[in-house]
Structures are given as C-alpha cells and as structure tokens.
Amino acid sequence: MNPVIIVEGLRKNFGKLEVLRGIDCTVHLNEVVCVIGPSGSGKSTFLRCLNLLESITAGTVVINGHRLNESKTNLNQVRQDVGMVFQQFNVFPHMKVIDNLTLAPIKVAKQQPAQVRTRAHALLEKVGLTDKTDVYPSKLSGGQQQRVAIARALAMQPKVMLFDEPTSSLDPETVGEVLGVMKDLAQEHMTMVVVTHEMGFAREVADRVLFMDQGLIVEEGTPEQIFDHPQHERTRAFLSKVL
Amino acid sequence: MFSDFGMENLRPLLEGAKLTLYLVAMSGLFGSVIGLAFGLARVAPFAPIRWLAALYVNLVRGQPVLILLLFLYFAMPLMVPSATFDRGPTAIVGLSVYAGAYIAEIVRGAIEAVPRGQAEAASALGMGYLLRYRYIVLPQAMKGAVPPAIGFLISLVKASSLVSVIGYVELTKAGRIVSTLNQEPLLTFLVVAALYFVLSYPIALFGRWYERRLV
C-alpha cells in the first residue's frame, strides 16, 4: 500500500472553537475516500487542511512524503500535486475556459504552452465541454462551470484530487453531469478525497467512507459497512435523516 | 461686454489651464502608482506592512490638502533644509501624496471585493503571492477600482486649485491675477469655471464609457 496522504492528530481551532479534535487518517494511492457527516462536523475544514488552505493548529499532514506544516516545505510545490474542486466552483471569470485550464501549468509548472494547450483540449473533451473552449465562464451553467473547475485542477496533472462538496451549489438537473465526470475519474484510479452529501455517489464510488461528527472521525469502513451496518449511534442517526 | 475680454486676458488663463492639466496628469499618474502600492500593502500578508500603509493612508486622509501643501512648502524646509523644492515639484508631490492615500483605499476596497475563493483557487493550483495577484486578484480588482478612481480624478482636478496657496500659477491663481489686473472678476471667473469644466467633463465621459464597456 502506497500512502498519498497521512494525517496524524490533526486539530484545528477557530479562536476558541475546536473544529477538528484529533483526526487520524491515511489515504492510499488510487483510493477513493468519501467523507460524509452533518454540516458543522468539520469535514470541509478537514479537506481544506489537506492543502493548507486552513492553517493547522496541531498534528501533522503529510502529502506525497512532504510534511505540510513545516517551514522548509515549499507549499506551492506540494499544492501542484493536489488538485482541489470547490463548492462555489471558483473558476476565473476574467479568463476564457481554455485559459482557466492553461494558466497554472504554464505559469506555475512552467510547461510548454503548446503541450499544455493540447492537454487542455483533451481534458475539455473528457468533461464534455469542447464547444466551450473560448467562452467566458459567465456564459456557463453551474454544472458546466464545475466541470471547467475539475478540468482546471486536472490540467496540473495532480497525484490526488480533493472535492469540497462539489455538487452542493448546483441545480439538481446538473448534479448528474458533475458526478459523472467524477465517476470517470475514479474509474481511472485517480486518488480522490470527496466531501459530499451525495450518499448514492459515496455508496457507488467510494472504496472507503469516513463518517465525521463534531470534529472527529466517528466511524469508517467500506460503503457496505457504513451504509448497511453502521456501528455507531451517531452514524445511524445521521443516515436515518439523509437516506 | 465679452468683447472686452480679449486675448491678453485669455492667454494667461489658458496657460494656467495647461498647468492645471499638467498637475492633474502628473499627480494622477504618481498617485495611482502610490495608491496601487499602498493598496496592496493594506492587504499584505505581513502585518507591519499593513500597519505602515494604514498609517500613511489615515494620516493623509486626516489632513486638508491645503495643510499638506503648506506643510510641504513652508514647514518641511525648516525641518530638512535639503527638502526645499520649487513650487511646481512641491505641488506635484503634495497632490500625489494626497491622491495616493485615496487611491490606496479604492484599491484596497476593490481587492477585498474579489471573492476569497478566487485567491484560494489560485493558491490550490500552487500559485504564490505574485502570480496570484498578477493573474487572478488584480485583474478582477481593477474592474472595480477604475470607476471610483475616475471619480476621484475629477475631484483631483478641483483639488489642484489649492496649490495656488503656495503661489503656483495654475488656473485658479491665474484667474485671481487676471481679475485683479482687469477688474472684471465676473467675466474672468466665468471663463475660469468654463475651463475647469472643459478639463473635468471629458474624464467623466471617459468614466461613463468605461463603465458601459464593463457590462
């Protein structure tokens, strides 16, 4: 087994509020991990700590062998290998779709523009947006914007992808197209950590499901274990409300 | 009545208008550079830089421009004899310092108006501070900063009249001199007012054109 993400004793406080109270978790290469739990359970904060968009109060996060909260670690270097998809898409509105994809590979990874563009076109085809190459994001639906955001993250050829409730702000009819792209990625054995409320997706795609509540991982296991035979009272209470 | 107002009166006023334009152009340019730098400093990741920028902005905004100009021209040379400058450079420095503080606040506001998710998405792609600001934050902030900056530029045209207190013969001072000589304050200041309008209205038109282009 080849660990990509190792989290040990992760704690995160916002002022006096303890949002994460000691998280231990390892994500292996090619693994798809879904994180579920009630809102306010700390699952988004947990995900954002994995590329240090949130600072870490205590504990360690190791990504691809680099310890994040260590001053000698080049954070921007580590982040190049960690793609992230946000609930609010966060596509760059002042750039055409193609430029959203090519900016970071050219400016950050310093790759050949021609190569990057070829790859970007292939990615747009993969997410089904070939006809939107030269369009500005404001002309796109939420589902299309989110697919641009996924393609943008993939353009950096990351080793792991983080998804922070990627379908939560989408219209119901566009949720499917985004989940479809994510399923394709999982089938290609992309290592993924997905914070989601889509229980159907978690059951179908996840190798492992983490249930979080009150800043802790309460229970984890295969989708069958979590959804069909939950051991903890809190897991059962949560699932009875959402399923 | 208007026939009395010949070229000998008009020429110094036009000369003054030209210097007003020069003052506004120079201090608008330098003020924008200062404003961009201090606007960025106001939201810098390093706290002492933020404090220094806040100090500058608040000190300048807490003073009348008039006092700023009088201080630079009459008081500074007493403290630092090597800081004695002619009226022209003093006027430009004074107006630039003034403009810089206000434009810094405009820039800060525009940067803060860019959704935080934009910078986060850039960070998540491995972009450092420089790349993030150059390609993501500033291009979006500029769209928001330009309309209020143009509004400020119009008020800078009018604020430039204050440099007459240090004896710089721009449009207002020229008007006072001409009206003293020709004893025609009504006509003279009507012409002065018309010239100020001619200077500032095109800026307003440009601003309206720019805002329309944004939508």
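Anything mentioned here points back to the structure above.
A few points on the structure. Every value quoted in this text rests on a predicted model; they were computed, and no experiment measured them. Each chain has its residues counted from 1, following the order in which its sequence is written. Chain letters and ligand numbers both follow the written order, the letters beginning at A and the numbers at 1. Confidence filtering applies because this is a predicted model: local features only for residues at pLDDT of at least 70, side-chain atom pairs given and counted only at 80 or more, and all residues used for totals across whole chains, interfaces and linings. Excluding hydrogens and water, the side-chain values take into account all heavy atoms of the structure.

1. Things to note about the overall build of chain B
To keep it simple, the criterion reads: A run of H or I in DSSP becomes a helix once it reaches four residues, and a run of E becomes a strand once it reaches two; helices and strands are each numbered from the N terminus. Each residue's exposure class comes from its accessible area (1.4 Å probe, protein chains only) as a fraction of the maximum for that residue type: buried when under 20%, exposed when over 50%, partly exposed otherwise. For this analysis, residues touch if any pair of their heavy atoms sits within 4.5 Å. Residue exposure ignores everything except the shown protein chains as possible cover, and the areas themselves are Shrake-Rupley values with a 1.4 Å probe.
Of the regular secondary structure elements, chain B holds eight helices and zero strands. The proportion of buried residues among the 215 residues of chain B is 47%. Of the contacts made within chain B by residues no fewer than 6 positions apart, 75% connect residues no fewer than 24 positions apart. Summed over all atoms, the accessible surface of chain B reaches about 11300 Å², with 70% contributed by carbon and sulfur.

2. Focus on the interface of chain A and chain B
How big an interface is tends to be stated in terms of accessible area lost as the parts join. Selection criterion: Here the buried area means the combined drop in accessible surface, using a 1.4 Å probe, for two parts upon being joined, counting both sides. By definition, a salt bridge exists where a carboxyl oxygen of Asp or Glu is found within 4 Å of a side-chain nitrogen of Lys or Arg. Polar contacts here mean pairs of N or O atoms no more than 3.5 Å apart (in protein, one a potential hydrogen donor and the other a potential acceptor; neighbouring residues in sequence count only if both atoms are side-chain atoms). Classes in brief: Ala, Val, Leu, Ile, Met, Phe, Trp, Tyr, Cys and Pro nonpolar; Asp, Glu, Lys and Arg charged; the others, Gly included, polar.
Of the residues lining the interface, 22 residues belong to chain A; the matching set on chain B comes to 17 residues. For the pair chain A and chain B, the summed buried surface comes to about 1600 Å²; carbon and sulfur atoms form 65% of the total. Among the residues of chain A in contact with chain B, Phe92, His94 and Lys107 of chain A are the three that bury the most area, contributing 29% of the side total. The tally of links between chain A and chain B comes to one salt bridge. Counting across the chain A and chain B interface gives six residue pairs in polar contact (both at pLDDT 80 or more). Mapped by element, the contributors of at least two residues to the side of chain A that touches chain B are helix H2 (75-79), strand E6 (82-85), helix H3 (97-107) and helix H5 (142-154) of chain A. Tallying contributions element by element places H3 of chain A first for the side of chain A that touches chain B, with three residues. Here the residues of the side of chain A that touches chain B sort into 13 nonpolar, five polar and four charged.

3. Structural notes on unusual backbone geometry
Residue and element names in this part refer to chain A. Non-glycine residue Phe89 carries a positive phi angle of around 65°. Assignment of secondary structure puts Phe89 in the loop between E6 and H3. The phi dihedral of Glu165 is positive, around 45°, even though this residue is not glycine. Mapped onto the secondary structure, Glu165 falls in the loop between strand E7 (160-164) and helix H6 (172-187). Among the residues examined, Glu165 registers a relative accessible area of 10% and is labelled buried.

4. Thoughts on the packing of helix H5 (residues 116-124) of chain B against helix H6 (residues 129-159) of chain B
Residue and element names in this part refer to chain B. The test is simple: For helices, the fitted line uses only the C-alpha atoms of the stretch in contact; every axis is such a line through C-alpha atoms, and the angle between N-to-C directions lies from 0 to 180 degrees. Angles below 35 degrees are treated as roughly parallel, those above 145 as roughly antiparallel, those between 65 and 115 as roughly perpendicular, and all remaining angles as oblique. Crossings are classed by handedness, with left-handed meaning an anticlockwise turn of the near helix from the far one by less than a right angle and right-handed meaning a clockwise turn.
In contact at an axis separation of 10 Å, H5 and H6 are set at 165° when each is read in the N-to-C sense. The orientation of H5 relative to H6 falls into the category roughly antiparallel. With respect to the hand of their crossing, H5 and H6 are arranged in right-handed fashion. Contact residues: H5 offers Gln118, Ala119, Ala122 and Ser123, while H6 offers Arg132, Ile136, Val137 and Gln140. When the residues that make up the contact of H5 with H6 are grouped by side-chain class, the tally is four nonpolar, three polar and one charged.

5. Here we look at helix H2 (residues 47-61) of chain B
Counted only if it meets this: Here a helix's expected span is defined as the number of its residues, less one, multiplied by 1.5 Å.
If you check H2 of chain B, its first and last C-alpha atoms are 21 Å apart, about what 15 residues at 1.5 Å a residue would give, namely 21 Å. Residues of H2 of chain B that are buried: Ala47, Ala53, Ala54, Tyr56, Val57 and Val60 of chain B.

6. Examining the pattern of salt bridges
Residues and elements named next belong to chain A. By the definition in use, this model includes 21 salt bridges over all chains. The closest approach of N and O atoms between Lys72 and Glu70, which form a salt bridge, is 3.2 Å. Look at Lys72 and you get exposed, because its relative accessible area is 71%. Between Lys126 and Glu188 there is a salt bridge; the shortest N-O distance is 2.5 Å. Within this pair, whereas Lys126 is found in helix H4 (residues 113-126), its partner Glu188 is found in the loop between H6 and strand E8 (191-195), the two being separated by 62 residues in sequence. Among the residues examined, Lys126 registers a relative accessible area of 32% and is labelled partly exposed.

7. Focus on the pairing of strand E10 (residues 216-221) of chain A
Residue and element names in this part refer to chain A. Put simply, the rule is: Pairing between two strands requires that DSSP report at least two bridges joining them.
Bridge count between strand E9 (residues 208-213) and E10: five bridges; the pairing is antiparallel. Paired with Leu210 across the two strands is Glu220, which belongs to E10. Between the end of E9 and the start of E10, which pair antiparallel, lie two residues, with Gln214 showing a positive phi angle near 50°.

8. So, the sheet that holds strand E4 (residues 58-63) of chain A
All names here are of chain A. Taken in spatial order, the four strands line up as E2-E1-E4-E5 in an open sheet, and their pairing is antiparallel. Each edge of the sheet is formed by a strand with only one pairing partner; in this case those strands are strand E2 (17-28) and strand E5 (66-67). Pairing of strand E1 (residues 3-14) with E4, which is carried by five bridges, proceeds in the antiparallel orientation. Directly across from Ile5, in E4, lies its bridge partner Ile63.

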